[in-house]
Amino acid sequence: MTSTDDESTFEDPGEALRLIERERVNTIRHVTPDPRLMYWPWGVTWLISFGLSFLRFGPDGKTLVDMPEWLPLITLTGLLITAGVFTGIVGARASRHISGPSSRQGAAYGISWSAGFTSLAVIFGRVGEQLPDEMLGLLWGGGMVALVGVLYMAGSAIWDARDMFVLGAWISVVNVIGVLWGPGWHALVVAVAGGGGLLVAGLIGWMHRR
């Protein structure tokens, strides 16, 4: 009886193909990180930290909101490192569902986030002592955002996620434009186009995932 049922189940090639496709989608859902966990921490981080930076160190050195000079940079540093470590953990945990080379790739990708942000934090903390506050903010902001863009594009190769590459490229372009415009403008561009873009990308990715 069982063999007869199995044979009848796959008599329709179309049904068999649909079953294969459903299993493929389910597998991808299990091994691919939740877009909200990958994108939203960065969106919130950039909206808050770069928003503060813009208000304190606006274009042409204008102070739009009076606050301690150290507050935007400390907030930026803390949130960037936290988001980087969190994203690394999410990426590494996604690989626990699989074994073999793909698992090692996922784990290595997760470690790369933490290692990259820790390394830049140490380097910028060392060389940034010679820079004025507005340029120090541009160094930290531009460097960290550049790293995020590159890591997203690298992640697209691991999970074959085209939207992840597009997002990484968008972040990179936004960051370069902001750096060329200079202190103040960089913070505004990254907060709105970068942070807002990440929140939208996380929502769209989650809806597609469902």
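Residues numbered from 1 in each chain as written. Predicted model: local features only at pLDDT ≥ 70, side-chain atom pairs only at ≥ 80, totals over all residues. Heavy atoms only, no water.

1. Regarding empty space enclosed by the protein
So, step 1. Enumeration over the complete set of coordinates arrives at 2 cavities of 30 Å³ or more.
So, step 2. In this structure, the largest cavity spans a volume of roughly 80 Å³.
So, step 3. Lining the largest cavity, in full, are Phe50, Ser53, Phe57, Glu134, Gly137, Leu138, Pro183, Gly184, His186 and Ala187.
So, step 4. Ranked by the residues each element gives to the lining of the largest cavity, the list is headed by helix 6 (residues 133-159), at 3 residues.
So, step 5. Across the lining of the largest cavity, the residue classes tally to 5 nonpolar, 4 polar and 1 charged. (1 Å grid on protein atoms, 1.4 Å probe; cavity = no way out; pocket = protein on both sides within 12 Å on 5 of 7 lines; lining within 4 Å. Points joined across faces, edges and corners; volume = space filled by probe spheres on them. Helix = DSSP H or I, 4+ residues; strand = E, 2+ residues; numbered from the N terminus. Nonpolar A, V, L, I, M, F, W, Y, C, P; charged D, E, K, R; others polar.)

2. Structural notes on the packing of aromatic side chains
So, step 1. Overall, the coordinates contain 10 aromatic pairs when judged by the stated rule.
So, step 2. Geometrically, the ring pair formed by tryptophan 46 and phenylalanine 50 is edge-to-face, given 6.3 Å between the ring centres and 80° between the ring planes. Linking tryptophan 46 with phenylalanine 50, this pair stays in helix 3 (residues 35-56), spanning 4 residues, or about one helical turn. Take tryptophan 46 and phenylalanine 50: they sit in the same class, and that class is buried.
So, step 3. Consider the rings of tryptophan 181 and tryptophan 185, whose centres lie 6.3 Å apart with planes at 75°: the pair is edge-to-face. (Phe/Tyr/Trp six-rings, centres within 6.5 Å; stacked < 30°, edge-to-face > 60°. Buried < 20%, exposed > 50% of the residue type's maximum accessible area, 1.4 Å probe, protein only.)

3. Examining the environment of threonine 45
So, step 1. Residue placement: threonine 45 occurs in helix 3.
So, step 2. Threonine 45 sits in the buried class, given a relative accessible area of 5%.
So, step 3. Separated by 30 residues in the primary sequence, threonine 45 and threonine 75 have C-alpha atoms spaced 8.9 Å apart.
So, step 4. Discounting residues that sit within four places of it in the chain, threonine 45 has contacts with Phe50, Leu79, Leu80 and Ala83. (Contact = heavy atoms within 4.5 Å.)

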